[in-house]
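Listed here are the chains, written in short residue letters.
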Amino acid sequence: MTSPADSGTDGPIVAIDGVSKSFGGFTALQRIDLDIARGEFFSLLGPSGCGKTTLLRIIGGFEDASTGDIRINGRSVRDVPAFQRATNMIFQHLALFPHMNVTDNVAFGLKMKRMDRASIAIRVATALEQVRLKEFATRPVDQLSGGQRQRVAMARALVNDPDVLLLDEPLGALDLQLRLHMQEELRRLQRSLGNTFIFVTHDQEEAMRMSDRIAVMDGGQIRQLGTPEDIYERPRSRFVASFIGHANLLPARVIGDAGAGLVMAECDGIRLACRTHPETPPLRTGTIAVRYEKVGIRPAADAAAAADDIATGRVVERVYFGSAVRFQVVGSNGTTLTAQLADVELARSIAENDEVILSCAPGAAVLVEDD
Amino acid sequence: MSAGLAARPYRAYKVLLVIYAVTFFVALYAPLVTIAVLSFNDSSITGFPFRGFTTRWYASALGNPQLLSAFLNSVLLGIVAAVMATTLALLLAMAFRRDFRMKGAVLNLILAPIVVPGIVGGIILLIFFGYLGMRPSLWSTVLVAHVNWVLPFAFLTLYPRLHGFDSSVEEAAMDLGARRHQVFAYIVFPMIRPAVIATMLFSFSLSFDEFIRTIFVIGFDRTMPIQFWTMIIEELAPELPAMAVMIIVISSVTALIGFALMGKSTRRS
């Protein structure tokens, strides 16, 4: 039994309970249930319009849920306005206060809490140190670079030591190099401070790289919830398999049990022993998802047949990436498959129009539900 | 060679453009320059020939107690009308960021004084105040008439600034613990302050120059333009050019400061 007083230390820090949201006739969220654990780096991932930002704004108190409830630290926040919630948000376009310098931006939240000047000065200095902006304390914010502005936004939110930090695609406007750098920075801050981060993004690589867990959203619903590895290795649906990473998607029917927990599925004569997500019900038909890098490729001429071979075909396109080479192959049965080879030595021996053999190990493919 | 051929008609256009521009600016500024020159003319008849340089008309204008009191009336009235109109315009502009019923109709009502001809506006106000039984005077009828006249311009100056205001900045302030009134006091108002001051300056110069509506409702008080007009009608006073120059300077300086502030506030957002 836990008393209301100590609710908060054990349970989820954010509990989302049957939350729906509609704007006029448009349904932005459909009965979302989700628990986010204390200290977690959690990502809401999905294409634009999937409802991820709406959910974040409901948690922050900028939108009201049409139905359902949200509890932060065990307490319902249904009637708690944004300015009283223990959450802070980093906005998509940062929303820094342009008429204030770096220090005044960062100190704003503490001033609103009527903290005394001396404590404010100490905490602002610490926050600026954490984001490595100490030398810029008195700079007007419109004289900072994009990366520095990001850091001001982080410091301005984190200085309040929020229970939950909400991040609404704050890295979207940065160029790739800076973006990767800021991802590391955010992850480092989250690990060292231990606050819960809820991060909204449409970039699956960004979500994979940073998150403890990811909720993949589409059409106002959570399509799959799990660790980055779960979601990449064991997608449940065709949507998730196609949204995360690059996969061949083959419409398939199940033809039997392949042993070792695998099912044998077939598409146009290509047979694959597939894994399934543990929660996937028994399927008669579905989609086979095979990551490009899980499809093996070798020249047809110099190899004897192997157990894993799935098809023969001809290379119609060869794209060099530096770290890997990608081949598009039209199989002898007419199916187009893409294989990606990290072994650049071997890839050098395969040219466009070459005859090749494609292979795939048992369990490397996943059978997913159609949408 | 071919470049020379192509350049020749181009040069003709250029000459035409220069002629046009010079004519345009002469037409625009020659009267002002003439007035300025005449204000220093040592002759008791307003006009040429120029009989020598003097500043005595300025001294005489500033020494004229009627003129001086009219001038002070105009300045004080301008300040009060500007503050009132700008405050009302700010409240309206804030309301117009949201959607409400009859928004279009309300907008038309605010802007109506711009399209009503001045003389009609004056008559309407005269009749209206007559019905109310208000005695015409500077601080009652004239003030109302000026605020009524200036308000739509103040609204049109302020509204774009507030309309373009990024509401996520307000959300950020709220997120950091600011209540609605604190968001306004610490975030919104400081950000739009240059625009508010600019609006006050524009409003002041509009009120300072107002004549046609004022004359209908002023009674026995005098503003600068009314006093001016009285003097032209009654005596054709030789101080007139000097007074005109002073009015032009005051109006244009306030307006220029206003433009400068407006530019600053737009750059910031």
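Small disclaimer: the values here were computed from a predicted structure and weren't measured. (Residues numbered from 1 in each chain as written. Chains lettered and ligands numbered in written order. Predicted model: local features only at pLDDT ≥ 70, side-chain atom pairs only at ≥ 80, totals over all residues. Heavy atoms only, no water.)

With respect to the sheet that holds strand β20 (residues 365-368) of chain A
Residues and elements named next belong to chain A.
Then step 1. The sheet built from five strands closes into a barrel, its strands ordered β11-β12-β13-β20-β14 with mixed pairing. Ignoring strand direction, the axes of neighbouring strands in this sheet form an average angle of 50°.
Then step 2. When strand β12 (residues 262-267) meets strand β13 (residues 270-275), the two strands line up antiparallel, connected through five bridges. Across the sheet, C267 pairs through a bridge with I270, a residue of β13. (Pairing = 2+ DSSP bridges. Helix = DSSP H or I, 4+ residues; strand = E, 2+ residues; numbered from the N terminus. Axes fitted to C-alpha atoms, helices over the stretch in contact; angles between N-to-C directions.)

Section: the interface of chain B and chain A
Then step 1. Facing 17 residues of chain B, the contacting portion of chain A comprises 20 residues.
Then step 2. Surface buried jointly by chain B and chain A totals about 1800 Å² across both partners, of which 66% is contributed by carbon and sulfur atoms.
Then step 3. Linking chain B with chain A are one salt bridge, by the criterion used here.
Then step 4. In this structure, the salt-bridge partner of R57 of chain A is E171 of chain B, at a minimum N-O distance of 2.7 Å.
Then step 5. For the pair chain B and chain A, the number of links is four residue pairs in polar contact (both at pLDDT 80 or more). (Contact = heavy atoms within 4.5 Å. Buried area = accessible area lost by both parts, 1.4 Å probe. Salt bridge = Lys/Arg side-chain N within 4 Å of Asp/Glu carboxyl O. Polar contact = N/O pair within 3.5 Å; in protein donor to acceptor, adjacent residues only side chain to side chain.)

Quick notes on helix α7 (residues 167-175) of chain B
Then step 1. In terms of burial, α7 of chain B is largely enclosed, as eight of its nine residues are buried.
Then step 2. Listing the buried residues of α7 of chain B in full gives S168, V169, E170, E171, A172, A173, M174 and D175 of chain B.
Then step 3. For α7 of chain B, the secondary structure elements touched by its buried residues are α1 (52-60), β6 (87-90), α2 (102-112) and α4 (146-158) of chain A together with α8 (180-209) of chain B. (Buried < 20%, exposed > 50% of the residue type's maximum accessible area, 1.4 Å probe, protein only.)

A closer look at the environment of M264 of chain A
All names here are of chain A.
Then step 1. Here M264 shows up in strand β12.
Then step 2. Looking at M264, the relative accessible area reads 23%, which means it is partly exposed.
Then step 3. Put simply, M264 and R253 are eleven residues apart on the chain and 8.7 Å apart in space, counted from C-alpha to C-alpha.
Then step 4. Discounting chain neighbours no more than four positions away, the residues touching M264 are R253, V254, I255, G256, D257, A258, R271, L272 and A273.

Points about the nonpolar core
Most often, soluble globular proteins keep nonpolar side chains buried together rather than apart.
All names here are of chain A.
Then step 1. I16, L44, L55, I70, F97, F108 and I198 are the most contacted members of the largest nonpolar core, which has 63 residues in total.
Then step 2. Look past the residues within four positions of I70 in its chain and what remains in contact with it is V14, A15, I16, V19, I58, I59, R75, S76, V77 and R78.
Then step 3. Of all hydrophobic cores here, the second largest spans 34 residues; its members include A127, A155, L165 and M210. (Core = buried A, V, L, I, M, F, W, Y, C linked by side-chain atoms within 4.5 Å.)

Topic: the packing of aromatic side chains
Geometrically, a pair of aromatic rings is defined through the distance of the ring centres and the angle of the planes.
Then step 1. Using the criterion set out here, one finds 22 aromatic pairs over all chains in the structure.
Then step 2. Judged by centre distance (5.5 Å) and plane angle (25°), the rings of F204 of chain B and F208 of chain B are stacked. Taken together, the residues span about one helical turn, with F204 of chain B and F208 of chain B both in helix α8 at a distance of four residues.
Then step 3. Through successive ring pairs, a cluster of aromatic residues spans Y20, F24, F25 and Y29 of chain B.
Then step 4. Of note, R156 of chain A hangs over the ring of F97 of chain A, and the distance from its end group to the ring centre comes to 4.5 Å.
Then step 5. Looking at R291 of chain A, its charged tip hangs above the ring of Y232 of chain A, at a distance of 4.0 Å from the centre. (Phe/Tyr/Trp six-rings, centres within 6.5 Å; stacked < 30°, edge-to-face > 60°. Lys NZ or Arg CZ within 6 Å of the ring centre and 35° of its normal.)

Some words on the pairing of strand β7 (residues 164-168) of chain A
Residue and element names in this part refer to chain A.
Then step 1. With five of five residues buried, β7 is to be regarded as a mostly interior element.
Then step 2. In β7, alternate side chains face the same way, and those of V164, L166 and D168 on one face and L165 and L167 on the other are all buried.
Then step 3. Here β6 runs beside β7; their pairing, made up of four bridges, is parallel. Residue pairing across strands places N88 opposite L165, the latter belonging to β7.
Then step 4. As judged from the five bridges shared by β7 and strand β8 (residues 196-201), these two strands associate in the parallel manner. Within β8, the position partnered with L167 by the bridge is F199.

Brief notes about the side chain of T214 of chain B
Then step 1. With respect to the helices and strands, T214 of chain B occurs in helix α9 (residues 212-217).
Then step 2. Apart from the residues within four sequence positions on either side, T214 of chain B is in contact with V142, H146, T223 and I226 of chain B.

Re the domain arrangement of chain A
All names here are of chain A.
Then step 1. When cut into domains, chain A gives domain 1 (4-229) and domain 2 (237-371).
Then step 2. A straight line from the C-alpha centre of domain 1 to that of domain 2 covers 39 Å.
Then step 3. Broken down residue by residue, the surface that domain 1 buries against domain 2 is led by Q204, R223 and Q224, which jointly contribute 55%.
Then step 4. The interface formed by domain 1 and domain 2 contains one salt bridge. (Domains from an automatic or database assignment.)

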